[in-house]
Amino acid sequence: MSFFPRWPLARGTTVPPDERLPWGSTGLLGIQHLVAMSGSTILGPLLMGFDPNLAILFSGIGTLIFFVLVGGRVPSYLGSSFSFIAVVIAVTGYAGSGPNPDIGPALGGIIACGALYAAIGVLVMITGSDWVERLMPPAVTGAVGAAIGLNLAPVAVKGIEGTGPHVLVALATLLATALIAVYAPLAIRRISILAGIACGYVLYLVVGNVMGLLPPISFAELSAAPWFGMPAFRSPRFEPGAMLLIAPVAFILVAENLGHIKAIGAMTGRNLDPYIGRGFIGDGIATMVSGYGGGTGVTTYVENMGVMAVTRVFSTLLFIVAALAAILLGFSPKFGALLRTIPGPVLGGLAVVVFGLIAAAMIRLWVDNRVDFSDPRNLLTVGTALVLGSGNFTVTIGGFSIAGIGTATIAAIGLYQLLGIGRREPVGVVHGMDGDGGPH
């Protein structure tokens, strides 16, 4: 078998990963995947003070890296991971608006996370993935994911607080996103975050630029920016404390990617388990490359899985098109300048939606996997992780500090395994996680 498929023209209505549509249709559906991922991939870096243009660029580069590592056989798009938001804010002390002035240590931590993630992938290629599922069953994965969402709650609340008009725009953005996600046609629901940004942006223009009740949006940078040019890359700074805090996010990414590959395998009727380790390595290397250039950590995206589920087109060539288009946008300073005009109240309203969904998605994970909460082992694991994460419990040892997400992760994994000593009941399998916390 050759390393890459040959992608013959599909003959049926369902297009498997190793077949393709005519090139025109491939291009159009590839752009659809670009649109589907763009809302979350743009929002994630904005909430951390990163350059969204770089995030778009490295999402495309990361998707190509993933494509090569899995031999073009696992259809996935890699976009900004929301799992990094809490730890990046903790490391940098980001105030919540404008560019983050101190992202160097965060980038170093993201690279460390990617390295750990890739190392886990190598281990999985050698030993298989069963140990991952035993180490991080749904009770543990859900506890850590929910702790991340709750840890971010103060950031979201701070983003919507302000004057009356500020709160109005933030809450209207929140409401518009929710209504679109529930009532809009399916194609629009898939891009509900992007649509919510558009609604909030228009309302802010009316309240701020027209009525003068909020500081007006300035388009000076947008007008001056060229259509094409080199992005403003950023350099990492390797600080042990930041690396120790951010690296454990790798375990969340492992659980996400594991669940996504298994879900795609179920949708396509293909056994993709042999590609799990290679997928981890691809995602880990993509995260490292992104961190080296100033981008966010990346993960496989559930939004694109939703598009595939609806269209029944799983051809991996679609993601080559989406990735190349994202890279092209990454080299457009004007596109980046447009993204930076998105006002704070709009981001605040979206933060409430997204951070809440991160926690809510974990409840869905527990329900889908029938986690038994009458078992004290599960109750104690989840309860401890939630309190440590939401309370941002920090442990300082010498010059190292481990904040809430780190302590919640260590406690969830360690306590679950400790309380399992001597027990013989089977452990559930992780699946169905939302990779970016975004709405379905």
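Because the structure is a prediction, the values reported are computed rather than measured.

1. Description of the overall build of the protein
On a plain count of helices and strands, the protein comes out with 20 helices and four strands. Against the globule reference of 22 Å for 440 residues, the protein gives a C-alpha radius of gyration of 21 Å, in line with a compact fold. Taking the principal axes of its C-alpha atoms as reference, the protein extends roughly 65 × 55 × 45 Å. Considering only residue pairs separated by 6 or more positions, the protein has 81% of its internal contacts joining residues 24 or more positions apart. Accessible surface computed for the protein: about 17,300 Å², of which carbon and sulfur atoms make up 69%.

2. Quick notes on the nonpolar core
Membership of the largest hydrophobic core comes to 102 residues, with the highest contact counts inside it found for Leu43, Phe50, Phe84, Ile85, Leu152, Phe280 and Phe355. The element best represented in this core is helix 18 (residues 344-368), accounting for 11 residues. The contact partners of Leu43, leaving out residues within four places of it in the chain, are Phe82, Ile193, Leu347, Leu350 and Val354.

3. A short note on helix 1 (residues 23-48)
Between its first and last C-alpha, helix 1 extends 37 Å over 26 residues, near the 38 Å set by a 1.5 Å rise per residue. The first or second residue beyond helix 1 is Gly49, which carries a positive phi of 80°.

4. Describing the confidence of the model for the protein
Across the protein, pLDDT averages 84, with 93% of residues at or above 70. The low-confidence segment residues 427-435, where pLDDT is below 50, has 40 contacts with residues more than four positions distant or belonging to other chains.

5. A word on helix 6 (residues 138-151)
Over its 14 residues, helix 6 extends 19 Å from the first C-alpha to the last, a length consistent with the 20 Å expected when each residue adds 1.5 Å. Burial analysis of helix 6 places 13 of its 14 residues in the buried class, the great majority of the element.

6. Examining unusual backbone geometry
One non-glycine residue with positive phi stands out, namely Trp7, at about 50°. Along the polypeptide, Trp7 turns up in the segment before helix 1. Despite not being glycine, Arg370 shows a phi value in the positive range, around 55°. Within the secondary structure layout, Arg370 lies in the loop between helix 18 and helix 19 (376-390). On the basis of relative accessibility, which here comes to 73%, the residue Arg370 falls in the exposed class.

7. What to know about the packing of helix 4 (residues 104-127) against helix 13 (residues 249-268)
The relative placement of two packed helices is expressed as an angle between their axes plus a distance between the axes. Direction vectors running N to C along helix 4 and helix 13 enclose 50°, while the axes themselves pass 8 Å from each other. Accordingly, the angle class assigned to the pair helix 4 and helix 13 is oblique. Where helix 4 crosses over helix 13, the handedness of that crossing is right-handed. In this structure, helix 4 uses Cys113, Leu116, Tyr117 and Ile120 to contact helix 13, whose residues at the interface are Val249, Ala250, Phe251, Leu253, Val254 and Asn257. Residues that form the contact of helix 4 with helix 13 fall into these classes: nine nonpolar, one polar and no charged.

8. Description of the packing of aromatic side chains
In total, this model carries eight aromatic pairs according to the counting rule given. Ring plane angle 15° and centroid distance 5.9 Å describe the contact between Trp7 and Phe67, whose orientation is recorded as stacked. Placement of Trp7 in the segment before helix 1 and of Phe67 in helix 2 (residues 52-69) is noted, with a sequence separation of 60 residues between them. Note on Trp7: relative accessible area 13%, which makes it buried. Overall, the relative accessible area of 11% leaves Phe67 in the buried class. Measuring from ring centre to ring centre gives 5.8 Å for Tyr117 and Phe280, while their planes differ by 45°; the resulting arrangement is tilted. One end of the pair, Tyr117, is in helix 4; the other, Phe280, is in helix 14 (residues 276-293), with 163 residues separating them in the sequence. Phe280 matches Tyr117 in its accessibility class, with the two residues each being buried.

About the criteria used
- Residues numbered from 1 in each chain as written.
- Predicted model: local features only at pLDDT ≥ 70, side-chain atom pairs only at ≥ 80, totals over all residues.
- Heavy atoms only, no water.
- Helix = DSSP H or I, 4+ residues; strand = E, 2+ residues; numbered from the N terminus.
- Rg over C-alpha atoms; globule rule 2.2 N^0.38 Å.
- Contact = heavy atoms within 4.5 Å.
- Areas by Shrake-Rupley, 256 points an atom, 1.4 Å probe, with all protein chains shown as cover.
- Core = buried A, V, L, I, M, F, W, Y, C linked by side-chain atoms within 4.5 Å.
- Buried < 20%, exposed > 50% of the residue type's maximum accessible area, 1.4 Å probe, protein only.
- Expected span 1.5 Å × (residues − 1).
- pLDDT = per-residue confidence, 0-100.
- Axes fitted to C-alpha atoms, helices over the stretch in contact; angles between N-to-C directions.
- Parallel < 35°, antiparallel > 145°, perpendicular 65-115°, else oblique.
- Left-handed = near helix turned anticlockwise from the far one by under 90°.
- Nonpolar A, V, L, I, M, F, W, Y, C, P; charged D, E, K, R; others polar.
- Phe/Tyr/Trp six-rings, centres within 6.5 Å; stacked < 30°, edge-to-face > 60°.

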